[in-house]
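# Chain and residue survey
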Amino acid sequence: MFERIDTIIMPVTEIEKAIQWYEENLNMRVSYRGEGYCVLSVGQGETPLTLEQADGSSTQGATRPILFAKNIHGVHQKLREKGVSVSDKRGDRHD
C-alpha cells in the first residue's frame, strides 16, 4: 500500500529558532525551505524531518508522518472501502 515514510512533520512555533537548534545541536542540515516549513536531512537516513510553522493552536500541534504511495488515489479509495476515516488527498508541495 505505502512504500515509505516520506517525512515526519513536527510543528514548531518559532521555526527559525528551531532550525538553528537542530543544526547546532543535532548536526542536521537544511535540504529544502518552503513557505512556512523547512526540511532537515538526518545523517545518512532517507527520512527527513520537516519543521512546520504552527500558530500554537491544538489543531496544529500534532507530530505526524507523511506516507508515500505511487498510486495515492488507489490507496485513498482502498482505505475508504475498509471504513478508514481519511482526509482529502494532498500532493507534494513541490509539484
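Read on for an overview of the structure. Keep in mind the model is a prediction, meaning the values are calculated, not measured. (Residues numbered from 1 in each chain as written. Predicted model: local features only at pLDDT ≥ 70, side-chain atom pairs only at ≥ 80, totals over all residues. Heavy atoms only, no water.)

### Overview of the sheet that holds strand β1 (residues 4–12)
Going by this rule: Any two strands with at least two DSSP bridges between them are considered paired. Where helices and strands are cited, they refer to DSSP runs of H or I of at least four residues and of E of at least two residues respectively, numbered from the N terminus. Note on geometry: axes are lines fitted to C-alpha atoms, helical ones only across the stretch in contact, with angles between N-to-C directions running from 0 to 180 degrees. Pairs of residues are marked as contacts when any of their non-hydrogen atoms sit within 4.5 Å.
Taken in spatial order, the five strands make up an open sheet running β2-β3-β4-β1-β5, and their pairing is mixed. Here the strands that pair on one side only, and so sit at the sheet edges, are β2 (29–34) and β5 (64–68). Each adjacent strand pair in this sheet contributes to an overall mean axis angle of 25 degrees, direction not counted. Taken strand by strand, helix α1 (residues 15–26) contacts β1, β2, β3 (37–41) and β4 (49–53), and its axis lies near 155 degrees from that of β4.

### Overview of α1
Side chains of residues three or four places apart in an α-helix project in the same direction, reflecting 3.6 residues per turn. Rules: Take the residue count of a helix, subtract one, and multiply by 1.5 Å to get its expected span. Exposed residues in this analysis have more than 50% of their type's maximum accessible area, buried residues have under 20%, and partly exposed residues fall in between, with area computed by a 1.4 Å probe over protein chains only. What the arc describes is the spread of directions from the helix axis to the C-beta atoms.
Compared with an ideal rise of 1.5 Å per residue, which puts 12 residues at 16 Å, α1 spans 16 Å between its outermost C-alpha atoms and is within 8% of the ideal. For α1, the set of buried residues is Ile15, Ala18, Ile19 and Tyr22. Axial view of α1: buried residues confined to an arc of 100 degrees, hence all on one face. Within α1, the exposed residues directed more than 90 degrees away from the buried face are Lys17 and Glu24. Each element contacted by the buried residues of α1 is listed here: β1, β2, β3 and β4. Residue asparagine 27 follows α1 closely and has a positive phi angle near 55 degrees.

### Digging into the pairing of β1
Pairing of β1 with β5, which is carried by five bridges, proceeds in the antiparallel orientation. For isoleucine 5, the partnering residue across the bridge sits in β5 and is leucine 67. In this structure, β1 lies alongside β4, joined through five bridges in parallel fashion. Bridging across to β4, methionine 10 finds its partner in leucine 51.

### Some remarks on a nonpolar patch on the surface
To be explicit about the condition: Only residues whose relative accessible area exceeds 30% and that form no salt bridge are eligible for patches; like-charged ones are grouped when within 9 Å, while nonpolar side chains (Val, Leu, Ile, Met, Phe, Trp, Tyr) are grouped when within 5 Å. Calculation of accessible area relied on Shrake-Rupley with a 1.4 Å probe; when residues are assessed, cover is drawn exclusively from the protein chains displayed. Just to be clear on terms, a salt bridge is a Lys or Arg side-chain nitrogen sitting within 4 Å of an Asp or Glu carboxyl oxygen.
A surface patch of nonpolar side chains, amounting to about 410 Å² of accessible area, comprises Met1, Phe2, Ile5, Leu67 and Ile72. Checked against the element boundaries, phenylalanine 2 lands in the segment before β1. By relative accessible area, which is 34% here, phenylalanine 2 ends up partly exposed.

### A few points about unusual backbone geometry
Positive phi, normally seen in glycine, also occurs at asparagine 27, with a value near 55 degrees. Positionally, asparagine 27 belongs in the loop between α1 and β2.

Any functional reading would require information beyond the geometric quantities listed.
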